[in-house]
Amino acid sequence: MAAEVDREERRRRVWGTTLLRLLVLVATLLALAAFSIALAKVTLTPSPASEDLVRSNLRPGRSLRQYAEDYTFLAACKQAGGNLLLGVPFGILLPILVPRRLRMLRMVALTVTVMVVIELVQGALVPGRAFDIDDAILNTSGALLGYLLVGRRISHRYHLLAEGTTRVEATPEPKRKVAPKSGPKSKTKSKSRLTSKPRPKLTSKLSSKPRPKPSSRTKATPVSKAKSKAKPKSKSRSRAATDRNASGLVASGRALFGRLLTRDR
């Protein structure tokens, strides 16, 4: 049951992440298509009124100097700011479509190529417009600004989500535990497990119990009484024997003394 629940949860996660990835991809593609249409209208529409004024520029910084010298502050900000804003969507949308490895460099390379192609088309085909290297530089710097502010975070989360789905799909399912078959092998295993368990030590329990102290009222054992009685008897016997010997010697001495007296008479 637990394995089935885990499978269902993994499937739901995979489906949810894949749907979210598809939604993000569709949204980025639609946004990129809308931006490309707007970029084409802004850059590739002809302007016949400015045919005599516009010239091609191959030196970096020449148009920027012209904006600072000849244009007013608002007109210069409008011209430079418009070129910067045209490159911001590249920095937000392209990192999602580009692989994670070296995504900033790839995004910059794609932005430069697209903008250079647009500038070449302007100078070659569109009347009233010319090739300007400063516009490509401003567009690329706008793409870098958009990537650093917004695109890096969005693309990082998107690629993490994609890696999470691939990891979940790649992880193997947990194997079910098979119950051991009943037989002599299982019995021997169960016996070995039972014998391997440590037996409780009885000595520790017995030693830990307090031993009863002998009370003063307890009577002495008969062996101890016999020993205590045997000692004074041996002493009394030895004293009686010495007394008997002494009395015998005195009696024999008196008898000899009496015989000597009778002989003299």
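Residues numbered from 1 in each chain as written. Predicted model: local features only at pLDDT ≥ 70, side-chain atom pairs only at ≥ 80, totals over all residues. Heavy atoms only, no water.

## Re the overall build of the protein chain
Phase 1 of the analysis: Helices and strands together make up the secondary structure of the protein chain, namely eight helices and zero strands.
Phase 2 of the analysis: Going residue by residue from the N terminus, the α and β elements of the protein chain occur as α-α-α-α-α-α-α-α.
Phase 3 of the analysis: Buried residues in the protein chain amount to 20% of all 265 residues.
Phase 4 of the analysis: Sequence separation of at least 24 residues holds for 84% of the intrachain contacts in the protein chain that already meet a minimum separation of 6. (Helix = DSSP H or I, 4+ residues; strand = E, 2+ residues; numbered from the N terminus. Buried < 20%, exposed > 50% of the residue type's maximum accessible area, 1.4 Å probe, protein only. Contact = heavy atoms within 4.5 Å.)

## Structural notes on the packing of aromatic side chains
Phase 1 of the analysis: Under the counting rule described, the total for this entry stands at two aromatic pairs.
Phase 2 of the analysis: Ring geometry for Phe35 versus Phe90: centroids 5.0 Å apart, planes at 85°, classification edge-to-face. Here Phe90 lies in helix H3 (residues 73–97) and Phe35 lies in helix H1 (residues 2–43), a separation of 55 residues in the sequence. Phe90 carries the same exposure label as Phe35, and that label is buried.
Phase 3 of the analysis: With 5.3 Å between their ring centres and 85° between their planes, Tyr67 and Tyr71 make a pair best called edge-to-face.
Phase 4 of the analysis: Overall, Tyr71 belongs to the partly exposed group, its relative accessible area being 36%. (Phe/Tyr/Trp six-rings, centres within 6.5 Å; stacked < 30°, edge-to-face > 60°.)

## A short note on the packing of H3 against helix H4 (residues 103–124)
Phase 1 of the analysis: Close contact between H3 and H4 brings their axes to 10 Å; oriented N to C, the two are set at 135°. Viewed along their axes, H3 and H4 adopt a mutual orientation that is oblique. Of the two elements, H3 crosses H4, and the hand of that crossing is right-handed. Residues Leu86, Phe90, Gly91, Leu94 and Pro95 of H3 pack against Met107, Leu110, Thr111, Val114 and Met115 of H4.
Phase 2 of the analysis: Among the residues forming the contact of H3 with H4, the class breakdown is eight nonpolar, two polar and no charged. (Axes fitted to C-alpha atoms, helices over the stretch in contact; angles between N-to-C directions. Parallel < 35°, antiparallel > 145°, perpendicular 65-115°, else oblique. Left-handed = near helix turned anticlockwise from the far one by under 90°. Nonpolar A, V, L, I, M, F, W, Y, C, P; charged D, E, K, R; others polar.)

## Considering H3
Phase 1 of the analysis: Between its terminal C-alpha atoms H3 stretches 37 Å, which fits the 36 Å expected from 25 residues at 1.5 Å a residue.
Phase 2 of the analysis: All of the buried residues in H3 are Ala76, Ala80, Asn83, Leu86, Gly87, Pro89, Phe90, Gly91, Leu93, Leu94, Pro95 and Ile96. (Expected span 1.5 Å × (residues − 1).)

## Things to note about the packing of H1 against H3
Phase 1 of the analysis: Direction vectors running N to C along H1 and H3 enclose 150°, while the axes themselves pass 10 Å from each other. In terms of orientation, H1 and H3 fall into the roughly antiparallel class. Here H1 runs over H3; the crossing is left-handed. Each of Val24, Leu25, Thr28, Leu29, Ala31, Leu32, Phe35, Leu39, Val42 and Thr43 in H1 lies in contact with H3, whose residues at this interface are Leu86, Pro89, Phe90, Leu93, Ile96 and Leu97.
Phase 2 of the analysis: Tallied by class, the residues present in the contact of H1 with H3 amount to 14 nonpolar, two polar and no charged.

## With respect to a negative patch on the surface
Phase 1 of the analysis: On the surface, Glu4, Asp6, Glu8 and Glu9 cluster together into a patch of negative charge.
Phase 2 of the analysis: When you line up the elements, Glu8 lands in helix H1.
Phase 3 of the analysis: Taking the relative accessible area as the measure of exposure, Glu8 reaches 44% and is therefore partly exposed. (Patch = residues over 30% accessible without salt bridge, like charges linked within 9 Å, V, L, I, M, F, W, Y side chains within 5 Å. Areas by Shrake-Rupley, 256 points an atom, 1.4 Å probe, with all protein chains shown as cover. Salt bridge = Lys/Arg side-chain N within 4 Å of Asp/Glu carboxyl O. Lys, Arg positive; Asp, Glu negative; His and termini not counted. Charge placed at Lys NZ, Arg CZ, Asp CG, Glu CD.)

## Overview of the environment of Arg106
Phase 1 of the analysis: Here Arg106 is to be found in helix H4.
Phase 2 of the analysis: Every residue in contact with Arg106, bar those within four places of it in the chain, is listed here: Val98, Pro99 and Arg101.

## Focus: the nonpolar core
Phase 1 of the analysis: Counting residues in hydrophobic clusters, the biggest one holds 11 residues: Phe35, Leu39, Leu86, Phe90, Leu94, Met107, Met115, Ile118, Ala136, Ala143 and Tyr147.
Phase 2 of the analysis: Those elements giving two or more residues to this core turn out to be H1, H3, H4 and helix H5 (133–170).
Phase 3 of the analysis: With residues near it in sequence (within four places) discarded, Phe35 still touches Leu86, Pro89 and Phe90. (Core = buried A, V, L, I, M, F, W, Y, C linked by side-chain atoms within 4.5 Å.)

## Looking at unusual backbone geometry
Phase 1 of the analysis: One non-glycine residue, Leu102, lies in positive phi territory at about 55°.
Phase 2 of the analysis: With respect to the helices and strands, the residue Leu102 is situated in the loop between H3 and H4.

## With respect to the confidence of the model for the protein chain
Phase 1 of the analysis: Confidence in the prediction for the protein chain averages 75 pLDDT; 68% of positions are at 70 or higher.
Phase 2 of the analysis: Every residue in residues 183–192 is under pLDDT 50, and counting partners more than four places away or in other chains gives one contact.
Phase 3 of the analysis: Of the regions scoring below 50 in pLDDT, residues 214–232 engages in one contact with residues more than four places distant in sequence or in other chains. (pLDDT = per-residue confidence, 0-100.)

## A few points about a nonpolar patch on the surface
Phase 1 of the analysis: On the surface, a cluster of nonpolar side chains totalling about 330 Å² of accessible area is made up of Leu145, Leu149, Val150 and Ile154.
Phase 2 of the analysis: You can see Val150 is positioned in helix H5.

## Notes on the side chain of Ser155
Phase 1 of the analysis: Mapped onto the fold, Ser155 is located in helix H5.
Phase 2 of the analysis: Among the polar contacts listed, one links the side chain of Ser155 to the side chain of Arg103, at a separation of 3.0 Å.
Phase 3 of the analysis: Every residue in contact with Ser155, bar those within four places of it in the chain, is listed here: Pro95, Ile96, Arg103 and Tyr147. (Polar contact = N/O pair within 3.5 Å; in protein donor to acceptor, adjacent residues only side chain to side chain.)

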